[in-house]
Amino acid sequence: MKKLLLLILPFLLVSCGEPTVPQVSKNIESAVFGAPQSKVQLTVFADYECPACIYFEKTIGEELYEKYVKTNKITISYKNFPLTQHKNAERDALAALYALSQGKYWEFNLEMYALEDQKKWDKVTDEERVAIGKKVGLDPVELQKSMDEGWYMNQIKKEMSEGEAMGLEGTPSVYLNGKRLQYNTKEEFFGIIDAVLKQ
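Structural notes, computed from the coordinates. Keep in mind that this is a model prediction, so the values were computed, not measured.

**With respect to the layout of surface pockets**
- Estimated volume of the largest pocket: approximately 150 Å³.
- If you go around the largest pocket, the residues you meet are Ala52, Tyr55, Phe56, Thr59, Ile60, Pro172, Tyr183, Asn184, Thr185 and Lys186.
- Ranked by residue count, the leading element in the lining of the largest pocket is helix α2 (residues 51-69), at five residues.
- Class assignment of the residues belonging to the lining of the largest pocket gives a composition of six nonpolar, three polar and one charged.

Okay, structure coming up:
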């Protein structure tokens, strides 16, 4: 009986203890979606508070994701490049990377841009970021903690260094297969992508 008790004791301790909380990874890579072997490898450097980035997301970004990424025509990497003059941007990026760690990056990304568009350079509070997080299914306590403790600050710095190494001069900056993509209109942007896909 004593031996049996010793054998089952570890199982009793596990089952009667505190419920285990899934570990959140604090070491993540950039957000990457789509088909890894695509002829089109896009990299987008952006800042959530940047008016040009907000405009890009509304006019090009959403369509790009829906018609090219979700259908596995291209690969896209999203990189954070929060500009120093934008006081919300760094914290927005920290929250977005937490969303990435939980598989909710795209949903959070859309909501974050929409909020910044609505705010028009006014301060975004952590309460508002957490509200977005709850809306897309994130743990509000963990999201707040990830921002307060700067879990993904090193990743942001890494992405910014990558942008600087590629000669980034402003946001949004889009690179197609490692080269800066120059375009003037939405039609021209998608025309370039389609032309490369047909090669």
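**Considering the pairing of strand β4 (residues 173-176)**
- What you see with β4 is no split at all: Ser173 and Tyr175 on one side and Val174 and Leu176 on the other are buried throughout.
- With four bridges connecting them, strand β2 (residues 41-46) and β4 associate as antiparallel partners. Counterpart to Val44 in the pairing with β4 is Val174.
- The sheet contact formed by β4 and strand β5 (residues 179-180) spans two bridges and is antiparallel. Bridging from a neighbouring strand, Leu176 pairs with Lys179 of β5.

**Quick notes on the nonpolar core**
- The biggest cluster of nonpolar side chains holds 51 residues, and the ones touching the most others in it are Leu42, Leu64, Ile74, Tyr78, Phe108, Phe189 and Ile193.
- Apart from residues no more than four positions distant in its own chain, Tyr78 is found in contact with Ser30, Ala31, Phe33, Val44, Tyr65, Tyr105, Trp106 and Glu159.
- Listed in part, the five residues of the second largest apolar core include Phe45, Leu83, Leu168 and Tyr175.

**Brief notes about the packing of aromatic side chains**
- Tallying each qualifying case throughout the model produces 14 aromatic pairs.
- Grouping aromatic residues by their ring pairs yields a cluster made of Phe33, Tyr65, Tyr78, Tyr105 and Trp106.
- Between the NZ or CZ atom of Lys73 and the centre of the ring of Tyr68, over which it lies, the distance is 5.4 Å.

**Structural notes on the packing of helix α5 (residues 126-135) against helix α6 (residues 140-148)**
- The interhelical angle for the contact between α5 and α6, taken along N-to-C directions, is 135°, at an axis separation of 9 Å. In this view, α5 runs oblique relative to α6, as classed from their interaxial angle. In this structure, α5 meets α6 at a crossing whose hand is right-handed. In this structure, α5 uses Asp126, Arg129, Val130, Gly133 and Lys134 to contact α6, whose residues at the interface are Pro140, Leu143, Gln144, Met147 and Asp148.
- Tallied by class, the residues present in the contact of α5 with α6 amount to four nonpolar, two polar and four charged.

**What to know about empty space enclosed by the protein**
- Tallied over the entire structure, the rule returns one cavity of 30 Å³ or more.
- A volume near 70 Å³ is recorded for the largest cavity.
- Looking at the lining of the largest cavity, the elements with two or more residues in it are β2, β3 (75-80) and α4 (105-119).
- The residue makeup of the lining of the largest cavity, split by class, is six nonpolar, two polar and two charged.

**Things to note about the pattern of salt bridges**
- Within the structure shown, the criterion is met by 13 salt bridges.
- Taking the shortest distance from any N to any O, the salt bridge between Arg129 and Asp126 comes out at 2.9 Å. Of this pair, Arg129 and Asp126 are both found in helix α5, three residues apart, which corresponds to roughly one turn of the helix.
- Residue classification places Arg129 among the buried positions, given a relative accessible area of 2%.

**Comments concerning the packing of helix α3 (residues 89-101) against α4**
- Interaxial distance between α3 and α4 falls to 8 Å at its minimum, and their mutual angle equals 155°. On the basis of the axis angle, α3 is roughly antiparallel to α4. Both α3 and α4 take part in a crossing whose hand is right-handed. Across the interface between the two elements, Asp92, Ala95, Ala96, Ala99 and Leu100 from α3 touch Tyr105, Phe108, Met112 and Glu116 from α4.
- Looking at the contact of α3 with α4 residue by residue, the class counts come to seven nonpolar, no polar and two charged.

Criteria and thresholds
- Residues numbered from 1 in each chain as written.
- Predicted model: local features only at pLDDT ≥ 70, side-chain atom pairs only at ≥ 80, totals over all residues.
- Heavy atoms only, no water.
- 1 Å grid on protein atoms, 1.4 Å probe; cavity = no way out; pocket = protein on both sides within 12 Å on 5 of 7 lines; lining within 4 Å.
- Points joined across faces, edges and corners; volume = space filled by probe spheres on them.
- Helix = DSSP H or I, 4+ residues; strand = E, 2+ residues; numbered from the N terminus.
- Nonpolar A, V, L, I, M, F, W, Y, C, P; charged D, E, K, R; others polar.
- Buried < 20%, exposed > 50% of the residue type's maximum accessible area, 1.4 Å probe, protein only.
- Pairing = 2+ DSSP bridges.
- Core = buried A, V, L, I, M, F, W, Y, C linked by side-chain atoms within 4.5 Å.
- Contact = heavy atoms within 4.5 Å.
- Phe/Tyr/Trp six-rings, centres within 6.5 Å; stacked < 30°, edge-to-face > 60°.
- Lys NZ or Arg CZ within 6 Å of the ring centre and 35° of its normal.
- Axes fitted to C-alpha atoms, helices over the stretch in contact; angles between N-to-C directions.
- Parallel < 35°, antiparallel > 145°, perpendicular 65-115°, else oblique.
- Left-handed = near helix turned anticlockwise from the far one by under 90°.
- Salt bridge = Lys/Arg side-chain N within 4 Å of Asp/Glu carboxyl O.

Keep in mind these numbers describe shape, not what the thing actually does.
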